[in-house]
Structure formats: C-alpha cells, structure tokens
Amino acid sequence: MELRILGCHSATPKPDEYPTSQALLVKNQWIVIDAGEGMQVQLRRYGIKFGRIKNIFISHLHGDHLYGLFGFLSTLRLLNRQTEMHLYAPAELEDLLNHVFRTTQVELSFPLFFRPVSGNGLKLILDNDKFSVHSFPLKHRIQTHGFLVSEKPAPRKLNMNAIKQYPEIGIWAYHNLKAGKDFVTEEGKIIPNEELTLPPPRPRKYAYCSDTAYYPDIVPYIKGADVLYHEATFSDEDKDLAEKTMHSTARQAAQIAKQAQVGKLIIGHFSSRYRDTNILLKEAREVFPQTELAYEGKQVIF
Ligand SMILES: [Zn+2]
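Rules used in this analysis
- Residues numbered from 1 in each chain as written.
- Predicted model: local features only at pLDDT ≥ 70, side-chain atom pairs only at ≥ 80, totals over all residues.
- Heavy atoms only, no water.
- Pairing = 2+ DSSP bridges.
- Helix = DSSP H or I, 4+ residues; strand = E, 2+ residues; numbered from the N terminus.
- Axes fitted to C-alpha atoms, helices over the stretch in contact; angles between N-to-C directions.
- Contact = heavy atoms within 4.5 Å.
- Buried < 20%, exposed > 50% of the residue type's maximum accessible area, 1.4 Å probe, protein only.
- Arc of directions from axis to C-beta.
- Donors = N, O, S within 2.8 Å, 3.2 Å for Na, K, Ca; no water.
- Tetrahedral: all angles 85-135°; square planar, octahedral: opposite > 155°, others 65-115°.

How would you sum up the sheet that holds strand β7 (residues 123–127)? Please name residues and give values.
One open sheet accounts for seven strands, arranged β7-β8-β9-β14-β15-β16-β17; its pairing is mixed. On the outer flanks of this sheet lie β7 and β17 (291–293), each paired with one strand and no other. Taken over all neighbouring pairs, the strand axes of this sheet differ in orientation by 20 degrees on average, direction set aside. Here strand β9 (residues 145–151) runs beside strand β14 (residues 205–209); their pairing, made up of four bridges, is antiparallel. Residue pairing for β14: leucine 148 is matched across the bridge by alanine 207. Taken strand by strand, helix α10 (residues 278–287) contacts β16 (264–268) and β17, and its axis lies near 170 degrees from that of β17.

Below, the structure is given as structure tokens:
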C-alpha cells in the first residue's frame, strides 16, 4: 500500500497546511479518505489521477473533513467523467450533496453511488477481490467512523525453477498451483504445492482514525494494522481541551497504537496552536516509539 497525506491539519487552512484528506493506493486502486478543502489541488500536486479514484470515504460531516468534496465532484463533471464513483459517508450527506448540486446547477456526468455509513461494531462496507474496507465507530461530537482497509491475500507465486523439473506440469496447471493446490501426476503421485510455489507477500492493513476522543473500544478492530493514522489534535497540557472538544492528545493516540500493537503510528490533525508539532511527536514517542508526524505530501509505503 501507499499512503499519501494530502492534508493533516485541523480547521483553518493555510498556504501549506490543508485540512484532513488522504489518498491510499491499495492493489493499484486509489481511494480517498476524507475530503478537506484543497484536496483536489493536493491530488494534482502529487500526481494522483482523478480517473483512478473510484471510492471516497468520509469519516464525519465536520467541514474540515468534507468541504473539498463538493469542488472535487463538480470538477469531475467538468472533466466529463463517465466512470462510476462510490461515496461512503454518514447518511445526511446525501441530502446535503443533492441540495448543493441543485442550487449550484451541477448535473453530474457520472453515476454517484451513495453508501451510508452508520452503526456500531466493525462493519464490512466494501468488498472486492483485491481488498475490503470496514467501518467502526469513533467517539466525537457528531457521528464519526474510522476505516480499516485490508488487502486480500494474493495468489501464491510460481517457482519456475522447481516447476521446470517436472515436464508434466503444463501452463494449464498454473492456475491451481497459484491457488495453493498440490499437483497430481497421471500416475497419482502428489507433488506438494510448497515445492512448486512461493508464498505471496503478506496482506497489509491500514487503519484510519479521524476525529475522536481517547476511545480504547476500537483497539480490537485495528489490532495488528501495519500502519495506523490517529488524530492527535492536542498535547498533554491541553488535555482538558481535548476532552471538551472530543479530540485526542498525542499521548492518547500513542496509547491506542501500543494497545493495538500496530506496526507504525502516524499522527495528525494538529491544532494550529502548536507552532512546533515536534512536542506532539515527542509526547507520542514516549509511549510508542514507532510514531511519525504527518505532513502535507508525506508518503508512507508499506
Ligand atoms: Zn471533527
């Protein structure tokens, strides 16, 4: 997978600080998670082709995660997009979108399928042969969901050097070998699959926790993710403010990462009160050393 941070700040955008939005390349398909203002400009900046995006996920309906969506969808119409788009978001967004498009006289040139996200527990919301996406509830001032993106296991790889030793194994057998089946010769002799193939790369998992108070209930859902993005709006000294606004401190984000035993934690959604976000990094690393700061344009390949 490849994660590209398009924006990782809260509330007010600045020339180089965009509100929350990310793009994730999973099995050769880009998905967009949250759509803060400026997301389409950022997609362009990092060379992510609009045509390769088929799924957009919106965690909640606060403006700093959403206002870029209207402009983006309207640009797709200007570009005369024909390919369908799937939008996963809280149910109220559908009416809002229709209202905006009606009022601003935008008629989309492509089918937009709206998929409402709601409910408790880990819910499967997208499933194809390459990857799946689950939603799970977070704890914020309005209904908010996090997302877990999981690759499906790839087929096994053919070990051509081994296969060449057996002239009776033709191309016709490769499909079954990749699926993990043993090869049976005409005489009924079994050649074990492990001898003829190599294991595929381990499937990766990405967990996204946008705005949320400290909420350990999510730990089982994101357990063992290779990369966790978790908001860290405040530092310890503003813990009361974090509680009041239902956000997390950097330390709390790190506690979640530690409990979930993730491979790496990326923190973001920084309040503009911190001129130097390294204090947030330091705080998180005290609990979970494998923490990195998000920044606009940051690329994480895993
Ligand atoms: Zn929010």
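Tell me about α10, residues and numbers included.
Of all the residues in α10, the buried ones are Leu280, Leu281, Glu283, Ala284 and Val287. Angular distribution of buried residues about the axis of α10 spans 165 degrees; they occupy a single face of the element. In α10, the exposed residues that point more than 90 degrees away from the buried face are Lys282 and Glu286.

Tell me about the coordination of the zinc ion, and name the residues and values.
Within the protein, the zinc ion binds to His60 (NE2), His62 (ND1), His140 (NE2) and Asp211 (OD); these donor distances fall in the range 2.2 to 2.3 Å. Around the zinc ion sit four donor atoms, and with donor-metal-donor angles ranging over 91 to 170 degrees the site reads as irregular. On the primary sequence, the residues serving as donors to the zinc ion are separated as H-x1-H-x77-H-x70-D. Taken together, the residues histidine 62 in the loop between β4 (53–57) and α2 (68–78) and histidine 140 in the loop between β8 (131–137) and β9 connect sequence positions 78 residues apart. Comparing histidine 62 with histidine 140, the two get one shared label, buried.

Report on unusual backbone geometry, specifying residues and quantitative values.
The backbone of methionine 246 shows a phi angle near 55 degrees, a positive value even though the residue is not glycine. Following the sequence through the fold, methionine 246 ends up in the loop between α8 (239–245) and α9 (250–260). Owing to a relative accessible area of 24%, methionine 246 belongs among the partly exposed residues under this scheme. For glutamine 261, which is not a glycine, the phi torsion comes out positive at approximately 50 degrees. Under the relative-accessibility criterion, glutamine 261 is labelled exposed at 55%.

So what about the environment of leucine 43? Which residues, and what values?
Note on placement: leucine 43 falls in helix α1 (residues 39–45). With near-sequence residues (within four places) excluded, leucine 43 lies in contact with Leu6, Ala23, Val32, Ile48, Phe50, Ile53 and Phe72.

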